[in-house]
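Structural overview for review
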Amino acid sequence: MRVPDLTTRDRTAVELMDDPDCDLLALERTYAQFRAVNAVVAGWQLTYRRYVRPLLHADRTATILDVGCGGGDLARALARWAQRDGRRAQVTGIDPDPRAHAWAARQPPVPGVSFRCAHSSDLVAEGRPFDVVVSNHVLHHLDQHELDTLLHDSRALARVRVAHSDIARGAWAYRLFSVGTRPLASESFIREDGLTSIRRSYTPAELAAAAGPGWRVAQPWPARNLLLDDGLPDDSLLDDGTR
Ligand SMILES: C[S@@+](CC[C@H](N)C(=O)[O-])C[C@H]1O[C@@H](n2cnc3c(N)ncnc32)[C@H](O)[C@@H]1O
């Protein structure tokens, strides 16, 4: 297998799923496969335990926004984990792509989860805050202006924490993803788009530079970037009864 030159970000590569006219059946299979693929590559169990669960409580419902939720598997997983841990959480998954929203909304309902066909800027315009704002695999899709908008919106919407998780570009990530998703290649966009995603994704230093001051990049999982907002109030504010 040939690994492309990953020295620089490939901003020109386009994912098949971003084509509004792409094959709908293959797109829906891709949403369906996100759940299994995300469970392996994205490390959200650990990210939830470290960065989200400490903000959730048994006696007060925390609100979580999953921006660019796609098929909605992260929104559903967060609600399930919170319930398993005896914490109260209401999770909203938003995506402005009507194909993603329709698929997510059609899946069996999970208590504490709702989906809306909306862009993050729509929620800012509504003035509707959330305790925690997260996303998964959204950052690498965006150009610099769209990234600035997402980061501005996340800050405007989040009361306590923003955590945007994405792939970190690297040859090992490319090799492992290429081999691991080979059996899925003919059914959906998952393999081809995943490899394109790795070429489009940031190194930790590039992401920190693109995000700018007030943001930091953690690496809680192999080949992952977790972009965290350092400018938000201390987590303890959730406990003091003022929120
Ligand atoms: C690859 S999908 C990610 C799907 C899902 N989060 C996952 O990990 O399986 C990226 C999605 O982000 C959405 N998106 C991009 N910018 C957004 C924004 N500012 N607000 C809401 N959704 C956004 C796009 O419509 C697209 O469906």
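Coordinates for the structure precede this section.
Residues numbered from 1 in each chain as written. Predicted model: local features only at pLDDT ≥ 70, side-chain atom pairs only at ≥ 80, totals over all residues. Heavy atoms only, no water.

Considering the overall build of the chain
For clarity, the threshold we go by: Secondary structure elements are taken from DSSP: a helix is a run of H or I of four residues or more, a strand is a run of E of two residues or more, and numbering for both begins at the N terminus. Computation of the radius of gyration draws on C-alpha atoms, with the globule rule given as 2.2 Å multiplied by the number of residues to the power 0.38. Three exposure classes are used, based on accessible area relative to the maximum for each residue type with a 1.4 Å probe and protein chains only: buried under 20%, partly exposed in between, and exposed over 50%. Residue-level accessible areas treat just the shown protein chains as cover; the underlying method is Shrake-Rupley with a 1.4 Å probe. Residues scored as charged are limited to Lys and Arg (positive) and Asp and Glu (negative), so that His and the chain ends carry no count. Throughout, a charge is located at the NZ atom of Lys, the CZ atom of Arg, the CG atom of Asp or the CD atom of Glu.
When you go through the chain residue by residue, the secondary structure sums to nine helices and seven strands. For 243 residues, the compact-globule estimate of 2.2 N^0.38 gives 18 Å, and the chain sits close to it at 17 Å. In terms of principal-axis extent, the alpha carbons of the chain reach across some 55 × 40 × 30 Å. Every one of the 243 residues in the chain was classed for burial, and the buried ones make up 51%. When the accessible area of the chain is evaluated, it comes to approximately 11200 Å², of which 54% is carbon and sulfur surface. Where the 30 positive side-chain charges of the chain centre and where its 32 negative ones centre are 6 Å apart.

What to know about helix H6 (residues 144–157)
Keep this limit in mind: An expected span of 1.5 Å times one less than the residue number is assigned to each helix. As used here, the arc belongs to the directions running from the helix axis to the C-beta atoms.
The first and last C-alpha atoms of H6 sit 20 Å apart over 14 residues, in line with the 20 Å expected at 1.5 Å per residue. What H6 keeps buried is the set Leu147, Leu150, Leu151, Asp153, Ser154 and Leu157. With its buried residues spanning 165° around the axis, H6 presents them on a single face. Exposed residues on H6 whose side chains face more than 90 degrees from its buried face are His145 and His152.

Comments concerning the site of the ligand
Cut-off, in case you're wondering: Nearness is defined per residue: one heavy atom within 4 Å of the molecule or strand is enough. The term polar contact refers here to a pair of N or O atoms within 3.5 Å; inside protein, the definition further demands a hydrogen-donor-capable atom paired with an acceptor-capable atom, and it admits residues adjacent in sequence only when both atoms are side-chain atoms. Three classes are used, and their members are as follows: Ala, Val, Leu, Ile, Met, Phe, Trp, Tyr, Cys and Pro are nonpolar, Asp, Glu, Lys and Arg are charged, and the others, Gly among them, are polar.
As a structural note, the neighbourhood of the ligand is formed by 20 residues, with Gly68, Asp95, Ser120, Asn136 and His141 the closest of them. At 2.7 Å, a side-chain N or O of aspartate 95 approaches an oxygen atom of the ligand. When the ligand sits alone it has 610 Å² of accessible area, and the protein chains cover 91% of it. Residue composition of the shell around the ligand, by class: nine nonpolar, eight polar and three charged.

Let's talk about the pairing of strand S4 (residues 130–136)
Test applied: Paired strands, as defined in this entry, are two strands with at least two bridges between them according to DSSP.
Judged by how many residues are buried, S4 sits mostly within the fold: seven of seven residues are covered. Bridge count for strand S1 (residues 62–67) against S4 is four bridges, and the pairing is parallel. Across the sheet, residue leucine 65 finds its bridge partner in S4, namely valine 133. Pairing analysis gives six bridges linking S4 to strand S5 (residues 158–167), with the strands arranged parallel. Across the sheet, the residue bridging to serine 135 is histidine 164, located in S5.

Notes on the packing of aromatic side chains
Where we set the bar: When the centres of two rings from Phe, Tyr and Trp lie within 6.5 Å, Trp using its six-membered ring, the rings pair. Their planes under 30 degrees apart give stacked, over 60 give edge-to-face, and anything left gives tilted. Whether a charge lies above a ring is judged from NZ of Lys or CZ of Arg, which has to be within 6 Å of the ring centre and within 35 degrees of the ring normal.
All chains considered together, the criterion is met by three aromatic pairs. Taking the centre distance of 6.3 Å and the plane angle of 50° together, the rings of tyrosine 31 and phenylalanine 34 count as tilted. Taken as a pair, tyrosine 31 and phenylalanine 34 lie in helix H1 (residues 24–41) at a separation of three residues, close to a single helical turn. Take tyrosine 31: its relative accessible area is 2%, and that puts it in the buried class. Ring geometry for tyrosine 31 and tryptophan 103: centres 6.0 Å apart, planes at 45°, overall tilted. Highlighted residues: tyrosine 31 in helix H1 and tryptophan 103 in helix H4 (residues 98–106), separated in sequence by 72 residues. A residue is classified by how much of its surface remains accessible, and tryptophan 103, at 11% relative accessible area, is buried. Taken together, Tyr31, Phe34 and Trp103 form an aromatic cluster joined through their ring pairs. Its end group placed over the ring of tyrosine 202, arginine 9 keeps NZ or CZ at 3.9 Å from the ring centre. Directly above the aromatic system of tryptophan 172 lies the positively charged group of arginine 175, at a separation of 4.6 Å from the ring centroid.

By themselves, these are just geometric observations and shouldn't be taken as functional.
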